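Commentary on secondary and tertiary structure
Here are the chains, one letter per residue:
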Amino acid sequence: ILKYFYSRNSYKLTFDRGEFAGESDENAELTLKYGESIFVPILAMAGYTFLGYDREVPDTMPGHDLKFNARWQANPNTPYRVESYIQNITDDEYSLGNIETLSGTTGSLLEISDLSKVNGNGLKFTKATVNGTEVTSVAISGDGKLVIKLYYNRNSFNAVYHVENGTTKTDL
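Description of the structure in this document. (Residues numbered from 1 in each chain as written. Predicted model: local features only at pLDDT ≥ 70, side-chain atom pairs only at ≥ 80, totals over all residues. Heavy atoms only, no water.)

**Quick notes on the overall build of the protein**
Regarding its fold elements, the protein presents one helix and 13 strands. When its helices and strands are written in sequence order, the protein yields β-β-β-β-β-β-β-α-β-β-β-β-β-β. Going through the 172 residues of the protein one by one, you find that 29% of them count as buried. Counted over contacts in the protein with a minimum sequence separation of 6, partners at least 24 positions apart contribute 56%. When the accessible surface of the protein is totalled, it reaches about 12,100 Å², and 47% of it is carbon and sulfur. (Helix = DSSP H or I, 4+ residues; strand = E, 2+ residues; numbered from the N terminus. Buried < 20%, exposed > 50% of the residue type's maximum accessible area, 1.4 Å probe, protein only. Contact = heavy atoms within 4.5 Å. Areas by Shrake-Rupley, 256 points an atom, 1.4 Å probe, with all protein chains shown as cover.)

**Here's the deal with the sheet that holds strand E11 (residues 147-154)**
Spatially, E6-E5-E11-E8-E9 is the arrangement adopted by the five strands of the open sheet, whose pairing is mixed. Both edges of this open sheet fall to strand E6 (94-104) and strand E9 (133-134), since each of them pairs with a single strand only. Direction of pairing for strand E8 (residues 123-130) relative to E9: antiparallel, over a ladder of two bridges. The partner of Thr129 across the bridge, within E9, is Glu134. (Pairing = 2+ DSSP bridges.)

**Some details on unusual backbone geometry**
The backbone of Asn131 sits at a positive phi, close to 55°, despite the residue not being glycine. Take Asn131: it is sitting in the loop between E8 and E9. Asn131 sits in the exposed class, given a relative accessible area of 79%.

**A look at the sheet that holds strand E2 (residues 28-33)**
The mixed open sheet is built from four strands, whose spatial order is E2-E1-E4-E3. A single partner strand is all that each edge strand has here, and the edge strands are E2 and strand E3 (48-53). For this sheet, the mean angle separating the axes of adjacent strands, direction not counted, is 20°. Sheet topology places strand E1 (residues 10-16) next to strand E4 (residues 66-74); four bridges connect them, and they run parallel. (Axes fitted to C-alpha atoms, helices over the stretch in contact; angles between N-to-C directions.)

**Here's the deal with the environment of Leu102**
Mapped onto the elements of the fold, Leu102 is located in strand E6. Judged by relative accessible area, Leu102 falls into the partly exposed class, the value being 25%. Aside from chain neighbours lying at most four places away, what touches Leu102 is Thr78, Pro79, Tyr80, Val82 and Leu115.

**Here we look at the environment of Ala128**
With respect to the helices and strands, the residue Ala128 is situated in strand E8. Ala128 sits 45 residues away from Glu83 along the chain, and the two C-alpha atoms are 9.6 Å apart. Excluding its chain neighbours within four sequence positions, the residues that come into contact with Ala128 are Ile112, Thr133, Glu134, Val135, Lys149 and Leu150.

**As for the environment of Ile99**
Residue position: Ile99 is located in strand E6. Sequence-wise, Ile99 and Tyr85 are 14 residues apart; in three dimensions their C-alpha atoms are separated by 9.2 Å. Leaving out residues up to four positions away in the same chain, Ile99 has contacts with Arg81, Val82 and Glu83.

The following block contains the structure:
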């Protein structure tokens, strides 16, 4: 009986998270021996649906390096919140006036001008902020934690009083 022992060659197997991966998301890189079983990782990412990989993954490692790219679809119903702050009557500070929970497609751009409606209640839109930074547009974050703060100033009017023959007349 002749017994022959040899080392099987090893090859690199990479599962790339793809275009939507964040900086902290690492690709899965493995070194497998020829013929070794491949266990396919199932990925998850907030705001996206994992569709699989760009091609079929074999059951065992072939005699060459392999790389598979994840395919993702942005979720169309990712929540975000819009808070409206109204200027106080007695000072220039703001108080929360309204909270609206909306949804949209992860990664899509929201134009603040579409959100900031000037209403007829003597209020005028002044600015929008996200995390304390003034913005004119913002992308919907996949984690569902986006909060857009809209600020409205009160319109002010000057009143002029005229006194004529002992009668007070007001012009606005």
